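# Notes for the structure review
Residue strings, one per chain:
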Amino acid sequence: PEVKEEIPPQAPPPEVKKVPLPSLDESDKLAREKLAELTPDGKLELWLPGDFILRRGTTLVDGLSRGIVLRKMLNAPAPEGKFAVLKDGAKISIDSANYQRYNYLVETLESLDTDSIVGLFHFLRPLLEQAYGELGYPPEKVDKAFIAALDQILATPFPLQPVYLTQESVNYKFADPSLEALSPLQKQLVRMGPTNTKRVQDKARAIREALLK
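The structure reproduced in this document is the subject of the present report.

Rules used throughout
Throughout, a residue's number is its position along its own chain's written sequence, starting from 1. In keeping with the predicted nature of the model, local features appear solely for residues at pLDDT of at least 70, side-chain atom pairs appear and are counted solely at 80 or more, and the whole-chain, interface and lining totals rest on all residues. Computation of side-chain values covers all heavy atoms of the structure but excludes hydrogens and water. Think of it this way: any DSSP run of H or I at least four residues long counts as a helix, any run of E at least two long counts as a strand, and we number them from the N terminus. Radius of gyration: over C-alpha atoms. The globule rule applied is 2.2 Å multiplied by the number of residues raised to the 0.38 power. Between two residues, a contact is recorded if the distance between any of their heavy atoms is within 4.5 Å. Counted as positive: Lys and Arg. Counted as negative: Asp and Glu. His and the chain ends are not counted at all. All charge positions are set by atom: Lys at NZ, Arg at CZ, Asp at CG, Glu at CD. Strand pairing is assigned whenever DSSP detects at least two bridges linking the two strands. Note on geometry: axes are C-alpha line fits, over the in-contact stretch for helices, and angles between N-to-C directions span 0 to 180 degrees. Working definition: rings of Phe, Tyr and Trp (its six-membered ring) pair if their centres are within 6.5 Å, and the pair is stacked with planes under 30 degrees apart, edge-to-face with planes over 60 apart, and tilted otherwise. Residue burial is assigned from relative accessible area. The probe radius is 1.4 Å, only protein chains are included, and a residue is buried under 20% of its type maximum, exposed over 50%, and partly exposed in between. Here, expected helix span is obtained from the residue count minus one, scaled by 1.5 Å.

## What about the overall build of the protein chain?
Check the secondary structure of the protein chain and you find eight helices and four strands. If you list the helices and strands of the protein chain from N to C, you get α-α-β-β-α-α-α-β-β-α-α-α. Taking 2.2 N^0.38 as the reference for a compact globule, 213 residues should give roughly 17 Å; the C-alpha atoms of the protein chain span a radius of gyration of 19 Å, in line with that estimate. Taken over the C-alpha atoms alone, the protein chain extends approximately 70 × 35 × 30 Å along its principal axes. A separation of at least 24 residues holds for 69% of the contacts in the protein chain among residues at least 6 apart in sequence. A distance of 3 Å separates the average location of the 28 positive side-chain charges in the protein chain from that of its 30 negative side-chain charges.

Below, the structure is given as structure tokens:
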């Protein structure tokens, strides 16, 4: 369903002069600096590789708004080790030990400063709208894409444990048809475990509420 909420514009305080933005083509330096400020270790900017950072980021958000994880737009470190399962006769389930492989990712997301994210969105909004428009969408709808991406995360269910799987060739699928019907983003969250999913949802909820204030 279409997201109806709109992120209200944010005016700078009267005593603060509005900082001029570079063009979208020349925004990489600024984008790297601002992304580095969002986490204490400054590593978030490394997650968006190469050039055209704001274009990549906007494309990533557009995918997430539809439940798709465009991994080519990201350079986030992959979890260590292999996806772990338990086998009990013909039954296959996700090994709960697998969930800790994603702790580093969740900890990075939790370390994001919510107020800084909101401020950065408003600061960069003209460039984000331009990048969103280049994807063929109405530029002013970029806020709806951000909210829809957060809503995808918040709509992820918490299945009963253990989570059973089926195996076709080398690939695993969820045995529960309702889980297999989830979007790729939501399936990834289920594979990360209920505790990690809740932690990601808590951060997504905080960002969503702050954006809509």
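## What about the sheet that holds strand β4 (residues 171-174)?
Spatially, four strands are ordered β1-β2-β3-β4 in an open sheet, and the strand pairing comes out antiparallel. Of all strands in the sheet, those bounded by a partner on one side alone are β1 (85-88) and β4. The mean angle between the axes of side-by-side strands here comes to 40°, regardless of whether they run parallel or antiparallel. Here β1 runs beside strand β2 (residues 91-94); their pairing, made up of four bridges, is antiparallel. Across the sheet, Val85 pairs through a bridge with Ile94, a residue of β2.

## Structural notes on the packing of aromatic side chains
Each aromatic ring pair is summarised here by two numbers: the centre-to-centre distance and the angle between the ring planes. Per the stated rule, a full pass over the model turns up three aromatic pairs. With a centroid separation of 5.0 Å and 70° between ring planes, the pair formed by Phe121 and Phe146 is classed as edge-to-face. Highlighted residues: Phe121 in helix α4 (residues 114-134) and Phe146 in helix α5 (residues 142-154), separated in sequence by 25 residues. Judged by centre distance (4.7 Å) and plane angle (20°), the ring pair of Tyr132 and Tyr137 falls under stacked. For Tyr132, a relative accessible area of 7% corresponds to the buried category. With a relative accessible area of 30%, Tyr137 lands in the partly exposed category.

## Details of helix α8 (residues 194-212)
Across its 19 residues, α8 extends 26 Å between first and last C-alpha, which sits within 8% of the 27 Å expected from 1.5 Å per residue. Looking at α8, one finds that the buried residues are Asn196, Thr197, Val200, Gln201, Lys203, Ala204, Ile207, Arg208, Ala210 and Leu211.

## Some points on the side chain of Thr114
Relative to the elements of secondary structure, Thr114 occurs in helix α4. Of the residues examined, Thr114 reaches a relative accessible area of 15% and is grouped as buried. Those residues within four positions of Thr114 in sequence are excluded, and the remaining contacts are Lys203, Ala206, Ile207 and Ala210.

Read these as geometric descriptors, not functional statements.
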